[in-house]
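# Topology and contacts: notes
Take a look at the letters that make up each chain.
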Number of protein chains: 2
Amino acid sequence: MHSLPSQAIRPLSLSSSSSTSLYLRSISSTFSVSPFFNLQSPVFAAISSRLRRSTVRSCSSITAKPSSEIRRTRPNNDEPDSKLRALRDLFSKPDIGIDAYIIPSQDAHQSEFIAECYMRRAYISGFTGSAGTAVVTSDKAALWTDGRYFLQAEKQLNSSWTLMRAGNHGVPTPSEWLADILAPGGVVGIDPFLFSADAAEDLKETVSRKNHKLVYLYDYNLVDEIWKDSRPKPPRGPIRVHDLRYAGLDVASKLASLRSELKEAGSSAIIISVLDEIAWLLNLRGSDVPNSPVMYAYLLVELDGAKLFVDNCKVTSEVMDHLKTAGVELRPYDSIISAIENLAEKGANLWLDTSSINAAIANAYRSACDKYFIRLGNKRKGKGKTSETSNSQVGPTGVYKSSPISMAKAIKNYAELEGMRNSHLRDAAALAQFWFWLEQEILNGVKLTEVEVADKLLEFRKKQDGFVDTSFDTISASGANGAIIHYKPEPSDCSVVDANKLFLLDSGAQYVDGTTDITRTVHFGEPTTRQKECFTRVLQGHIALDQAVFPQDTPGFVLDAFARSSLWKIGLDYRHGTGHGVGAALNVHEGPQSISFRFGNMTGLHSGMIVSNEPGYYEDHSFGIRIENLLIVKDADTPNHFGGIGYLGFEKLTFVPIQTKLVDITLLSVEEVNWLNDYHSQVWEKVSPLLEGSARQWLWNNTRPLMKS
Amino acid sequence: MHSLPSQAIRPLSLSSSSSTSLYLRSISSTFSVSPFFNLQSPVFAAISSRLRRSTVRSCSSITAKPSSEIRRTRPNNDEPDSKLRALRDLFSKPDIGIDAYIIPSQDAHQSEFIAECYMRRAYISGFTGSAGTAVVTSDKAALWTDGRYFLQAEKQLNSSWTLMRAGNHGVPTPSEWLADILAPGGVVGIDPFLFSADAAEDLKETVSRKNHKLVYLYDYNLVDEIWKDSRPKPPRGPIRVHDLRYAGLDVASKLASLRSELKEAGSSAIIISVLDEIAWLLNLRGSDVPNSPVMYAYLLVELDGAKLFVDNCKVTSEVMDHLKTAGVELRPYDSIISAIENLAEKGANLWLDTSSINAAIANAYRSACDKYFIRLGNKRKGKGKTSETSNSQVGPTGVYKSSPISMAKAIKNYAELEGMRNSHLRDAAALAQFWFWLEQEILNGVKLTEVEVADKLLEFRKKQDGFVDTSFDTISASGANGAIIHYKPEPSDCSVVDANKLFLLDSGAQYVDGTTDITRTVHFGEPTTRQKECFTRVLQGHIALDQAVFPQDTPGFVLDAFARSSLWKIGLDYRHGTGHGVGAALNVHEGPQSISFRFGNMTGLHSGMIVSNEPGYYEDHSFGIRIENLLIVKDADTPNHFGGIGYLGFEKLTFVPIQTKLVDITLLSVEEVNWLNDYHSQVWEKVSPLLEGSARQWLWNNTRPLMKS
C-alpha cells in the first residue's frame with residue numbers, strides 16, 4: 001500500500017526518445033529485440049496497488065504448455081472503441097484530470113516475458129506483439145511498434161488506432177507526437193510503477209523544454225480500471241529451490257559477498273527488483289511467467305537481514321526452510337513501498353540501481369528521506385546539535401549505482417557451467433531425435449505445420465531429464481517466414497513446413513541445470529546456389545566469431561564485425577545483434593554483455609560469461625538463415641600475454657550438426673573446413689552416448705567430415 | 001587587438017580530465033597521438049596580442065631542412081629555475097593575481113605541428129616532446145606527458161619539475177592535482193586563446209564542483225612575458241597557390257557550397273581557425289610550420305564576402321590575385337577579435353565550431369552579442385517595438401555546429417585522388433632507390449646512424465618532382481628503438497643502423513600534388529623465428545584490413561579488430577590506432593575519420609576518404625614492427641546491396657615492397673599469399689617505369705612471388 005495521498009499528482013516532463021532510449025536496459029540491445037527498432041519510451045507496465053489486492057487462484061504446475069495452447073488464452077479484442085471510450089471517460093475525473101495516457105508493454109520489473117495480467121497495452125490496443133507503446137488522448141489513439149511487428153499491428157489494430165512505425169524515417173516518438181498534438185499545457189498521465197527512476201529523472205529535467213506536464217497517477221492504472229473482472233489473475237505458481245549442485249554457491253555466501261559490496265559502497269541496504277537477479281541471488285526458481293523461471297518479487301537486503309516481498313501462496317515449506325536458513329524473511333509483495341519508507345525512516349543508505357528500480361519505489365525512498373531530514377531539522381532546532389549527530393551519518397542517503405548482481409550473475413561459476421554443459425548435451429540429444437523424426441516425416445510426405453513441428457520438438461525435450469519449460473517461444477519458420485526475424489507461427493495462421501524451402505528453427509529450453517538456445521537452418525530437398533552461398537557466408541561468420549581470441553575486457557561489439565565480414569564481402573548483412581548473454585537455468589536473454597553492432601554497451605567480456613553466436617541472413621519474402629550456438633567465454637591460454645593481461649576465447653556449449661548440404665565448400669578456407677569437421681567430430685563424441693537406434697544413426701550420418709578437394 | 005579591458009579576468013572552473021578529454025579533436029585519437037595517452041587538459045597554446053605585434057623577419061623558402069638541422073634550432077634550456085622564478089614573480093602582480101598557471105603544448109589553432117615561437121611549454125619546462133602540459137604553482141611545477149615521452153621527459157626536466165606520467169594508474173590529471181594541492185579558493189590562470197570554446201564551457205559548468213577559480217588572462221601570456229627577446233620570431237614564409245589541377249575545385253565553387261550550408265544552418269557567417277581547413281578551402285598552401293603546408297590565419301566567410309586574416313608579408317602577388325578572383329579580402333592576423341565583434345554588432349549569426357574555435361574568439365562574439373541586445377533593449381524602450389524587428393531576426397545568434405569543412409576536405413575529389421596516386425608512385429620510386437642504397441651500404445659494412453639514413457631518404461625524395469617537405473619527422477629506428485612507437489632519432493644521441501636487427505622506417509613527404517606516409521620494417525641479416533612470426537601476424541592484420549568490405553558509413557573502429565585478430569590469437573597486440581585520415585597535399589594526420597580501438601569516433605567511412613593501414617607489434621627493449629600503406633576508401637561494387645546501401649572497400653595508394661624474408665609462409669593462408677603476390681606484382685607494374693638501373697633491379701628482386709607449398 002502506498003503511503004502517498006491517493007490523489008497525488010506530480011508534474012514531470014515528457015522526454016524525447018533520443019535521450020530516454022539510453023535508459024533501456026542493455027538486454028534490449030540483444031537479439032531478443034531487433035536492434036534497429038528499440039522502442040523509445042522507457043515505460044514499464046506497473047503493478048497497481050489494486051491488482052496486488054486481487055483474489056488468489058490456485059498455484060499452477062511448472063509444466064510448459066505447447067505454444068498452441070498458450071496462444072489460445074490471449075485476449076480477444078472485439079470492442080476496442082468501447083475500451084477507448086471507457087478509458088477517455090476516466091481522463092476528466094476530478095482526481096485524474098489528464099489529456100493523454102501512456103500505456104507501455106512491460107511489467108514493473110522490466111521483465112522480457114510478463115504475466116498476462118500485466119499485458120495492459122495488448123488489452124487496450126488489441127496488438128499482441130511483445131514490444132509496443134500505446135498513447136491515448138481525448139481524440140486520438142496511437143501505437144508505436146518496431147519493424148518486426150508492422151504487419152501484425154496492421155492486422156490487429158482497429159480503425160480507432162494509428163500505427164506509428166517506430167524507426168521509420170520521419171515517424172515521431174511518442175513524446176514528440178504528444179508535444180505536437182496536445183494543446184499547450186497538456187497533461188500527460190502515467191503510472192509511476194511504469195517508469196524506471198532514471199527515465200523519470202530524465203523526464204523531470206526536460207520538463208522545461210516542453211510545453212506539457214507529465215503527472216504520476218499513483219493510485220490509478222486506468223487500463224486496470226476498465227479491464228475489471230475480465231482481467232486475468234496474477235500468477236501464483238509455486239517457487240522451487242534451485243539445487244546447490246547447479247547453483248554452485250549457497251545463498252548465505254552470495255549474501256555475504258553482496259553485503260561486503262554494500263559496505264564498500266557506503267550503503268546499508270539494497271533493493272533489487274529485477275526478477276532473475278532475485279532468483280539467482282536466492283537460489284530460487286519460479287513459474288510466474290512463460291519461459292523465464294522467475295517469480296514476481298522484490299528483495300531488500302540489509303547488512304543484518306533480508307526480506308523477500310512475494311505472495312505467500314507461492315512459497316512451499318521447502319522454500320520457507322531454504323529462506324530461513326539464509327536469513328531471509330518473507331513479506332507481502334504489496335508492502336514494498338512501506339518497507340522502503342520504513343528503511344528511510346530508520347536512516348538506511350539504500351543502494352538503488354535507478355536504471356531498473358521503478359520511479360514509484362525510488363520516489364518513495366526520496367520522499368521518506370526528505371521527511372527524515374525535516375524531522376531531524378525540527379529536532380535539532382529544539383535540542384541543539386549533539387556531537388553524536390555531527391560525527392556520525394546524519395541521515396539516509398541514496399547510493400545510486402548499477403546493480404552488483406548483474407555482473408555476478410553473468411560470470412558463471414564451475415557448477416553453473418557444468419549444468420549448462422550437461423543440459424546442452426541432453427538438449428542436443430532431443431534435437432537429434434527431433435531432426436531425425438522431422439526428416440522422416442517430410443520424406444514420407446507428411447504435411448506438418450510450423451506449430452506442429454514446434455510442439456513435437458517440445459515433446460522430445462520434455463522427455464529429457466530435468467526439463468522445465470521452453471526458454472522462449474519457438475521460431476519455427478518455413479521459407480519466406482524465415483525472413484521475419486522474430487516470426488512466431490500462430491496455430492490459426494501458419495505455414496506447412498515445405499520440403500522444398502529452407503526451414504529455420506530457433507528454440508531453447510529451461511532445464512533444472514541449464515538454459516539452451518539454438519538455431520539451425522536446414523533444407524529437406526535441393527537448396528539453390530544462392531541459398532548455399534548465403535548459408536556458407538553465415539557459417540563463415542559463425543566460425544570467425546567462434547574462433548576469435550581477444551584481450552580480456554574487450555566489449556562484445558568489437559567482435560561483432562567478425563561475424564559479418566564474409567557477408568559484407570558480397571554486400572549482405574543482417575539487422576540484428578550477433579550475441580546475447582544467457583542465464584544458467586535462468587533467463588535466455590541476460591545482460592550486461594552483448595555482441596552487437598550497437599556500440600553503446602561497453603561491458604567487457606569475462607571468462608565464465610555465456611554468449612550466443614548467431615549470425616544470420618534474411619532475404620525478404622524468400623528465406624531466412626541463422627546458425628546459433630551458445631559459447632562460454634574462457635581463457636584462451638595464449639603463448640603471450642601482451643599488456644600483462646589475459647586473452648579470451650570461446651568454448652562451445654551447443655553440439656548439434658550443421659547441415660553440410662547447405663555448405664558451398666569452394667567458399668571455405670582449409671581452416672574453415674577443419675573447424676566444421678572438428679565440430680562435427682565433437683558432436684558425435686559428446687552426443688552419441690545419449691542416443692540409440694535411428695537417432696544415433698542420424699547423428700552419425702550428419703557428423704561425417706567434408707573434404708576440400 | 002582585443003577590445004576587452006586589459007585587466008579582464010573571468011572566473012572559470014578547472015574541469016576533470018574525464019569530461020574534457022571529450023573535447024580533444026578527433027585527430028588526437030589517430031596514430032599521431034598514442035591512443036592510450038591522450039593528455040587530458042584540452043589547452044591550446046595561444047597567440048598573445050603582443051606576439052602578433054612583434055617584428056617581421058624575411059620570408060623563408062619552402063625547402064625542407066634535414067631532421068638534424070631542425071633539431072639543432074630547438075631551445076637549449078639551461079636556466080629552468082630562473083625561468084620558474086620569473087614566472088612566479090608575475091603571479092602576484094596586482095592585475096594578475098593567480099596561484100597557478102597552466103601552459104599547454106598547442107597553438108591557438110589546435111595544430112599538430114606548431115611554430116617554434118608557440119612552443120611555450122617546451123621553453124618553460126625544457127621538455128621538447130610533442131605532447132605535454134605544464135602546470136606551475138607558487139611552489140610546485142609539474143609536467144604531464146604520456147608513455148611515449150616518459151624517458152625523454154625524465155632526461156629533460158630538471159629537479160624543480162615533477163614528471164606526471166599521464167595514463168599510469170593513480171596519476172592525477174592536472175585539474176585533480178591542482179584541486180588537491182591548492183588552498184581552497186585557489187586561482188588558476190590561463191590564456192583564453194589556449195582553450196577551445198567547448199573546453200572553456202565545460203570548465204565553467206564544473207566550477208561549482210571544485211573549490212577553485214579559473215581566470216582568463218586576456219592580455220598576458222606569462223611565458224611570453226619572461227621569454228622576451230630570445231623568443232623566436234613568428235614564421236613569415238610565403239603562401240603559394242595550390243594548383244587547380246591538384247585541388248580539383250576552384251575556391252569560388254567551394255565558397256558557394258559553404259555559403260549554401262551557411263544559409264541552410266540559418267547562419268550568415270562562419271569563422272574557421274583550423275589551418276588545414278583554411279588552406280583547403282582557399283586552395284592555398286603555406287610554409288609556417290614544418291611538415292604541414294599551412295599558414296597561420298583565420299578565415300571569416302560571410303554570405304557576401306570573405307576575409308582572410310593573415311600577415312601581409314606572406315602574401316605574394318600571385319596569391320593576392322588568386323584571392324581577389326575568389327572574392328576574398330585580406331585583413332591583419334591580429335584583427336580577428338575586432339572583426340568578430342563587428343560581425344556581432346551588425347547582427348550576423350556566426351557559425352562557430354566550438355570544438356576548434358578558441359575561447360577568446362567565441363567569448364568575444366558572445367560578449368558582443370550581449371552588448372547588441374542590451375543596446376537593442378535600450379533602443380526599444382525609447383522607440384517602441386517596430387513591426388520590422390518583430391518579424392525579422394532580432395539580433396545576432398551563434399550557430400554552434402561542427403565545421404562543415406572537415407568532412408568536405410576528408411572526402412577527396414577526382415583530382416585530389418589522382419594527385420595522391422601520382423605522388424605516391426614518385427614517392428615509391430624514391431623509396432626503392434633509398435632501400436637499394438641502404439641495403440648496399442649495410443652490405444658494404446658502412447656504419448650509418450638512424451639520422452644519417454633519414455637524411456639520405458630525404459635526399460632521394462627531394463629529387464622527385466613536386467617535392468615540398470617531409471610530412472612528419474622521420475621515425476628511423478634500429479633494433480630496440482623500433483619498440484618506442486614515436487621514436488625520433490636525435491643526431492647527438494641515436495643508434496647506428498644494425499645489420500643484425502630489425503629496422504623500422506616510418507616516413508612521408510609533402511608533394512605539390514599529394515601527401516605520403518609509409519612504414520616498412522626490414523631485416524638486413526637473418527631474422528629470428530620470433531621476429532618472423534610477429535611480422536607475419538602484423539602482415540595478416542594489414543591484409544585483413546586491406547581486404548575488408550563493409551557497409552557505407554561504418555565507423556572506422558568497427559574495422560580495427562580485423563587488423564589485430566591475428567596478433568590476438570597468440571596474445572599479442574599494439575597500443576596505437578590502426579588508421580588515420582590523410583590530407584591531399586595537406587596534413588598527414590587529418591580527421592574526422594579514424595580506425596582505432598577507441599570507440600568514441602562515430603564518423604562513418606565514405607568513398608573518397610583516405611586512411612592509413614598500419615598495424616604493428618612492439619617488443620620492449622627488443623624490436624618494433626609496423627607495416628603501413630595508405631588506402632583510398634572506395635565503392636566495393638558488391639553483387640548485392642543489402643539495406644539498399646553501398647558497400648565500401650579500399651584501393652591501395654602505397655606501392656613499396658614488403659620484405660618477404662620476414663614472412664613465415666606457413667602461417668599464411670593461400671588467400672594471404674595471393675594477396676602478397678598480387679600486391680608485389682602491382683608494385684612492379686606501377687613503379688618500375690619510374691626506375692632504372694640498380695634500383696629497378698632491386699624492385700624486380702623484391703617483387704617476386706612467394707609460393708606456398
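The structure presented is a predicted model; accordingly, all values stated were derived computationally and were not measured.

It is worth spelling out the interface of chain A and chain B at this point. Between chain A and chain B, the residue contacts involve 32 residues of the former and 32 residues of the latter. Both faces considered, chain A and chain B share a buried interface measuring about 2700 Å² in area, 69% of it formed by carbon and sulfur atoms. Connecting chain A to chain B are 0 salt bridges. Our count for the chain A to chain B interface comes out at 8 residue pairs in polar contact (both at pLDDT 80 or more). Contributing elements (two or more residues each) for the side of chain A that touches chain B: β21 (550–551), α21 (557–568) and β25 (616–619) of chain A. Classifying every residue of the side of chain A that touches chain B by side-chain character gives 21 nonpolar, 7 polar and 4 charged.

All names here are of chain B. Taken in spatial order, the 6 strands make up an open sheet running β13-β12-β11-β9-β14-β15, and their pairing is mixed. Strands with a single pairing partner mark the edges of an open sheet, and in this sheet they are β13 (328–331) and β15 (399–400). Here strand β14 (residues 350–352) runs beside β15; their pairing, made up of 2 bridges, is parallel. Bridge assignment links tryptophan 351 to a residue of β15, and that residue is valine 399.

Moving on, we get to helix α20 (residues 529–546) of chain B. For α20(B), with 18 residues, the first-to-last C-alpha span of 25 Å sits near the 26 Å given by 1.5 Å per residue. For α20(B), the buried fraction is high: 13 of the 18 residues fall into the buried class.

With that out of the way, let us pick up the domain arrangement of chain A. Residue and element names in this part refer to chain A. Domain parsing of chain A yields domain 1 (82–230), domain 2 (240–377 + 396–408) and domain 3 (411–703). Here the C-alpha centroids of domain 2 and domain 3 sit 35 Å apart. Interface area for domain 2 against domain 3, summed over the two sides, is near 1600 Å², with a carbon-plus-sulfur share of 49%. Of all residues in domain 2, the largest losses of buried area upon contact with domain 3 belong to Tyr246, Asn291 and Met407, amounting jointly to 42% of the total for that side. Viewed at the interface, domain 3 and domain 2 are joined by 0 salt bridges. Scanning the region where domain 2 abuts domain 3 turns up 10 residue pairs in polar contact (both at pLDDT 80 or more). Going through the elements one at a time, α10 (244–247), α12 (275–282) and α17 (404–410) are the ones with two or more residues in the side of domain 2 that touches domain 3. Its residues placed into classes, the side of domain 2 that touches domain 3 shows 10 nonpolar, 5 polar and 4 charged.

With that settled, consider the UniProt feature "domain: Peptidase M24" (unreviewed entry) in chain A. Under the local residue numbering, the UniProt record ascribes the feature "domain: Peptidase M24" (unreviewed entry) to residues 418–634 of chain A. Secondary structure across residues 418–634 of chain A divides into 32% helix and 24% strand, with the first and last C-alpha atoms of the span separated by 14 Å.

The sites that carry the UniProt feature "domain: Peptidase M24 C-terminal" (unreviewed entry) are, in the present numbering, residues 646–706 of chain A. Structurally, residues 646–706 of chain A is divided into 44% helix and 10% strand, and its ends, taken at the C-alpha atoms, are 34 Å apart.

Time to look at unusual backbone geometry. Residue and element names in this part refer to chain A. Look at the link from glycine 591 to proline 592: it is a cis peptide, with omega at 0 degrees. As for its position among the elements, proline 592 is in strand β23 (residues 590–595). With a phi close to 55 degrees, alanine 585 is a non-glycine residue in the positive phi region. Mapped onto the elements, alanine 585 comes out in the loop between β22 (579–581) and β23.

Let us look at the packing of helix α18 (residues 414–443) of chain A against helix α23 (residues 693–701) of chain A. Residues and elements named next belong to chain A. Look at α18 against α23: their axes get within 9 Å of each other, and the N-to-C directions meet at 90 degrees. Between α18 and α23, the angle falls in the class roughly perpendicular. The residues of α23 that touch α18, namely those facing Ala432, Gln433, Trp435, Phe436 and Glu439, are Ser694, Ala695, Trp698 and Leu699. Across the contact of α18 with α23, the residue classes tally to 6 nonpolar, 2 polar and 1 charged.

Looking now at the nonpolar core. Residues Phe434(A), Trp435(A), Leu438(A), Phe650(A), Trp435(B), Leu438(B) and Phe650(B) are the most contacted members of the largest nonpolar core, which totals 166 residues. Contacts of Phe434(A), omitting those with residues within four sequence positions, involve Val453(A), Lys456(A), Leu457(A), Phe460(A) and Leu505(A). Membership of the second largest hydrophobic core comes to 67 residues, among which are Leu258(A), Ala279(A), Leu323(A) and Ile405(A).

A separate point is the pattern of salt bridges. All names here are of chain B. Taken as a whole and judged by the stated rule, the model has 56 salt bridges over all chains. Between aspartate 139 and lysine 140 there is a salt bridge; the shortest N-O distance is 3.9 Å. Overall, lysine 140 belongs to the partly exposed group, its relative accessible area being 34%. Ionic pairing is found between arginine 626 and aspartate 506, a salt bridge with its closest N-O pair at 2.7 Å. Here aspartate 506 lies in strand β18 (residues 502–507) and arginine 626 lies in strand β26 (residues 623–626), a separation of 120 residues in the sequence. Classification of arginine 626 by relative accessible area gives buried; the value is 0%. Accessibility expressed as a relative area gives 2% for aspartate 506, which makes it buried.

Let us look at the relation of the copies chain A and chain B. When chain A is fitted onto chain B, the two copies agree to an RMSD of 0.1 Å after a turn of 180 degrees and an axial shift of 0.1 Å. Interpreted geometrically, this transformation is the action of a two-fold axis. Every residue of chain A has its C-alpha some distance from the rotation axis, and the shortest such distance is that of Val558(A), at 3.3 Å.

On to the side chain of Gln110(B). All names here are of chain B. Inspection of the secondary structure puts glutamine 110 in the loop between β2 (100–103) and α5 (120–125). A residue is classified by how much of its surface remains accessible, and glutamine 110, at 8% relative accessible area, is buried. Side-chain polar atoms of glutamine 110 contact the backbone oxygen of serine 356, separated by 3.4 Å.

All names here are of chain B. Among the 10 residues of helix α14 (residues 336–345), 7 are classified as buried, and the element is accordingly described as predominantly covered. Residues Ile336, Ile337, Ala339, Ile340, Glu341, Leu343 and Ala344 constitute the buried set of α14. Once α14 finishes, glycine 347 follows within two positions and takes phi at roughly 85 degrees, a positive value.

The next subject is the environment of Arg148(B). By the element assignment, Arg148(B) lies in the loop between β4 (141–145) and α6 (150–156). The spatial distance from the C-alpha of Arg148(B) to the C-alpha of Arg165(B) is 10.0 Å, given a sequence separation of 17 residues.

Rules behind the numbers
- Residues numbered from 1 in each chain as written.
- Chains lettered and ligands numbered in written order.
- Predicted model: local features only at pLDDT ≥ 70, side-chain atom pairs only at ≥ 80, totals over all residues.
- Heavy atoms only, no water.
- Contact = heavy atoms within 4.5 Å.
- Buried area = accessible area lost by both parts, 1.4 Å probe.
- Salt bridge = Lys/Arg side-chain N within 4 Å of Asp/Glu carboxyl O.
- Polar contact = N/O pair within 3.5 Å; in protein donor to acceptor, adjacent residues only side chain to side chain.
- Helix = DSSP H or I, 4+ residues; strand = E, 2+ residues; numbered from the N terminus.
- Nonpolar A, V, L, I, M, F, W, Y, C, P; charged D, E, K, R; others polar.
- Pairing = 2+ DSSP bridges.
- Expected span 1.5 Å × (residues − 1).
- Buried < 20%, exposed > 50% of the residue type's maximum accessible area, 1.4 Å probe, protein only.
- Domains from an automatic or database assignment.
- UniProt positions renumbered as here; feature names shortened; annotations may be inferred.
- Axes fitted to C-alpha atoms, helices over the stretch in contact; angles between N-to-C directions.
- Parallel < 35°, antiparallel > 145°, perpendicular 65-115°, else oblique.
- Core = buried A, V, L, I, M, F, W, Y, C linked by side-chain atoms within 4.5 Å.
- Least-squares fit on C-alpha atoms with pLDDT ≥ 70 in both.

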